[in-house]
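Residues per chain are reported as follows:
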Amino acid sequence: MPWQGRDVVDIRDFSREDLEILFEAADRMLDELESGNVKKRLEGKLISLAFFEPSTRTRTSFEAAAKRLGAETIVFTAEEAMSVAKGESFADTIRMLDSYSDLIVVRHRYEGAALLAAEIARAPVINGGDGRQHHPTQAMLDLYTVRRLFSTIDGLNYLILGDLRYSRTVSSLLYALSLFRPVSVMLSSPSELRLRDEVRADLEARGLKLREVSIEEGLREADVIYVTRIQRERFPDPSEYEKVKGSYKVTRKLLETYAKRSAKVLHPLPRVDELTPDVDGTEFQAYFLQARLGVPLRMALLTLVLGGDA
Amino acid sequence: MEDDKGEKLLVSKIRDGTVIDHIPAGKALLVLRILNIRGSEGFRVAIVMNADSTRMGRKDIVKLENFYPKFDDITKIALVAPTATINTIRDYEVVQKGQVEVPKLIEGILRCPNPTCISRKSGEPVTSKFILVSRQPLRLRCYYCGSELTEDDVSKQLTGE
């Protein structure tokens with residue numbers, strides 16, 4: 001399916017071939033960024049960044065990507081969303097932004113918000129995260145990072161660690177992995193934070209075999225160690241959060257004891273206490289590269305969706 | 001219904017209205033509840049429960065004089081009694097007969113169980129939508145957030161329990 005004009009709401013709408021086109025375009029963007037000579041492919045375009053929920057990396061990397069390509073941005077943040085919360089509906093805000101801009105990136109704490117926005121808007125909509133449900137561009141970035149690190153996404157062992165229940169990056173990443181041929185996909189989490197049944201059933205129907213493991217067992221086998229923080233803001237009951245707070249921690253010592261030397265740690269960031277800063281200076285650390293690659297990946301995405309010369 | 005001699009002895013034919021036949025045994029009262037028929041509406045209602053059925057073994061039947069279900073009513077019946085047939089009666093004759101079927105997309109009838117689904121956000125012009133995942137056992141998935149409803153969840157919602 002051609003990329004131009006496409007909504008990017010759910011990673012399940014994309015094929016392996018779609019993602020490979022994206023990753024190849026991201027490689028070209030990265031080369032241009034490194035050479036300091038980026039083509040202004042999106043000059044004259046106006047992109048709305050409608051972040052009804054706080055964001056640092058996703059919003060700023062979209063903004064940096066747009067600006068590098070010569071596009072202008074309208075940034076609508078959680079604070080402004082608060083001020084309109086009293087009167088205007090989400091749907092009306094999307095209609096307004098649609099009338100102003102060529103593309104809308106939207107983040108919202110309600111699941112399905114981006115899908116509703118895509119139904120309403122004439123312009124393409126990119127989901128920057130909707131509640132606990134989807135974060136397709138993070139999954140694209142995660143796999144792009146793996147591809148940069150290992151020159152392949154297939155044939156690797158993946159350990160997904162942490163809050164598998166409420167983390168939207170985890171479900172989107174697992175759906176994306178189902179398009180590839182990993183050797184194994186291991187899950188490790190406190191029992192309260194296991195993958196939701198409907199997500200697991202859907203992944204299994206897509207042929208992705210999942211295996212639950214202890215942290216130590218997973219670390220011994222994994223090439224890619226994907227750590228997530230506990231999504232405190234999505235717990236319906238704060239006392240449930242207290243029960244699992246601090247229940248897992250990836251440290252330098254743990255990695256040096258169990259992990260393969262060649263293993264790489266990814267994290268969508270921000271982190272709280274689940275990934276200690278003493279990992280930062282080790283060969284395992286790949287999460288700062290992952291954050292940095294957010295810009296070329298999103299440059300490629302914006303260019304493809306807006307029909308620029310990718 | 002016509003092949004059901006035992007049932008004929010119990011309840012006479014209606015002149016005009018609807019006969020809901022082949023309701024799974026024991027679910028006649030549930031069907032009446034989801035149609036919001038409480039008996040105080042004034043029209044005649046006949047209920048036969050656990051009647052013999054060649055097709056189903058046991059079945060329930062509901063006869064409703066001068067009552068004709070709307071489209072949403074038929075969807076609701078299909079959700080709780082998927083084997084039901086709806087017979088429209090005019091002047092003692094069956095003029096239309098059809099088997100209910102759960103549609104592939106159900107709009108507006110059910111509520112998503114997830115409080116942070118966009119279809120639950122107040123003030124938004126959005127109607128709930130559910131996609132049929134499986135008829136037997138019944139499984140419906142919210143179009144917006146992916147949350148699922150089982151047969152039990154659907155019955156509870158439709159009867160307001």
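What you see is a predicted model, and the numbers here were worked out from it, not measured in a lab.

What counts and what doesn't
- Residues numbered from 1 in each chain as written.
- Chains lettered and ligands numbered in written order.
- Predicted model: local features only at pLDDT ≥ 70, side-chain atom pairs only at ≥ 80, totals over all residues.
- Heavy atoms only, no water.
- Helix = DSSP H or I, 4+ residues; strand = E, 2+ residues; numbered from the N terminus.
- Rg over C-alpha atoms; globule rule 2.2 N^0.38 Å.
- Contact = heavy atoms within 4.5 Å.
- Areas by Shrake-Rupley, 256 points an atom, 1.4 Å probe, with all protein chains shown as cover.
- Lys, Arg positive; Asp, Glu negative; His and termini not counted.
- Charge placed at Lys NZ, Arg CZ, Asp CG, Glu CD.
- Patch = residues over 30% accessible without salt bridge, like charges linked within 9 Å, V, L, I, M, F, W, Y side chains within 5 Å.
- Salt bridge = Lys/Arg side-chain N within 4 Å of Asp/Glu carboxyl O.
- Phe/Tyr/Trp six-rings, centres within 6.5 Å; stacked < 30°, edge-to-face > 60°.
- Buried < 20%, exposed > 50% of the residue type's maximum accessible area, 1.4 Å probe, protein only.
- Lys NZ or Arg CZ within 6 Å of the ring centre and 35° of its normal.
- Pairing = 2+ DSSP bridges.
- Axes fitted to C-alpha atoms, helices over the stretch in contact; angles between N-to-C directions.
- Parallel < 35°, antiparallel > 145°, perpendicular 65-115°, else oblique.
- Left-handed = near helix turned anticlockwise from the far one by under 90°.

A look at the overall build of chain A
Secondary structure summary: chain A contains 12 helices and 9 strands in total. Taking 2.2 N^0.38 as the reference for a compact globule, 310 residues should give roughly 19 Å; the C-alpha atoms of chain A span a radius of gyration of 19 Å, in line with that estimate. Counting only C-alpha atoms and orienting by the principal axes, one finds that chain A spans roughly 55 × 45 × 40 Å. Across chain A, contacts joining residues at least 24 apart in sequence account for 74% of those joining residues at least 6 apart. Carbon and sulfur atoms form 47% of the exposed surface of chain A, whose accessible area is close to 12,600 Å². Side-chain charges in chain A split into 44 positive and 48 negative, and the spacing between the mean points of these groups amounts to 3 Å.

Section: a nonpolar patch on the surface
A surface patch of nonpolar side chains, amounting to about 300 Å² of accessible area, comprises Leu 29, Val 45, Ile 47 and Met 49 of chain B. A total of 3 residues in the nonpolar patch trace back to one element, the largest contributor, which is strand β2 (residues 45–53) of chain B.

Regarding the packing of aromatic side chains
The geometry of an aromatic ring pair is captured by two quantities: the separation of the ring centres and the angle between the planes. Residue and element names in this part refer to chain A. Taken as a whole, this structure holds 9 aromatic pairs over all chains when the rule is applied. Here the aromatic rings of Phe 235 and Tyr 241 are separated by 5.7 Å at their centres, their planes lie at 80 degrees, and the arrangement is edge-to-face. The same class applies to Phe 235 as to Tyr 241, namely buried. Between Tyr 287 and Phe 288, the aromatic rings sit 4.9 Å apart at their centres with planes inclined by 70 degrees, giving edge-to-face as the arrangement. Taking relative accessible area as the criterion, Phe 288 reaches 35% and is therefore assigned partly exposed. Positioned above the aromatic ring of Tyr 175 is the side chain of Arg 12, whose terminal nitrogen or guanidinium carbon lies 4.4 Å from the ring centre. Between the NZ or CZ atom of Arg 165 and the centre of the ring of Tyr 166, over which it lies, the distance is 5.7 Å.

Quick word on the sheet that holds strand β9 (residues 148–150) of chain B
Strands pair in a sheet through their backbones, by hydrogen bonds, and they do so in one of two ways: parallel or antiparallel. All names here are of chain B. Across the sheet, 4 strands lie side by side as β6-β7-β8-β9; this open sheet has antiparallel pairing. Pairing within the sheet leaves two strands with one partner each, and these edge strands are β6 (105–107) and β9. Looking at each pair of strands side by side, their axes are set apart by 30 degrees on average, direction ignored. Where strand β8 (residues 139–142) lies against β9, 3 bridges are found, and the strand directions are antiparallel. Bridge assignment links Arg 141 to a residue of β9, and that residue is Glu 148.

Remarks on the packing of helix α1 (residues 16–35) of chain A against helix α12 (residues 287–305) of chain A
All names here are of chain A. At a closest axis distance of 8 Å, the pairing of α1 and α12 adopts a crossing angle of 120 degrees. Regarding the angle of α1 to α12, the classification is oblique. α1 and α12 meet at a crossing whose hand is right-handed. Touching Ile 21, Leu 22, Phe 23, Ala 25, Ala 26, Met 29, Leu 30 and Leu 33 of α1 are Leu 293, Val 295, Pro 296, Leu 297, Met 299, Ala 300, Leu 301, Thr 303 and Leu 304, all from α12.

Points about the sheet that holds strand β1 (residues 46–51) of chain A
Residue and element names in this part refer to chain A. The parallel open sheet is built from 4 strands, whose spatial order is β2-β1-β3-β4. Every interior strand has two partners, whereas the edge strands, β2 (72–76) and β4 (125–130), have only one. Within this sheet the neighbouring strands show an average axis-to-axis angle of 10 degrees, counted without direction. Sheet analysis places strand β3 (residues 103–108) next to β4, joined by 4 bridges and oriented parallel.

A closer look at helix α7 (residues 168–177) of chain A
α7 of chain A sits mainly inside the fold: 10 of its 10 residues count as buried. Taken together, the buried positions of α7 of chain A are Arg 168, Thr 169, Val 170, Ser 171, Ser 172, Leu 173, Leu 174, Tyr 175, Ala 176 and Leu 177 of chain A.

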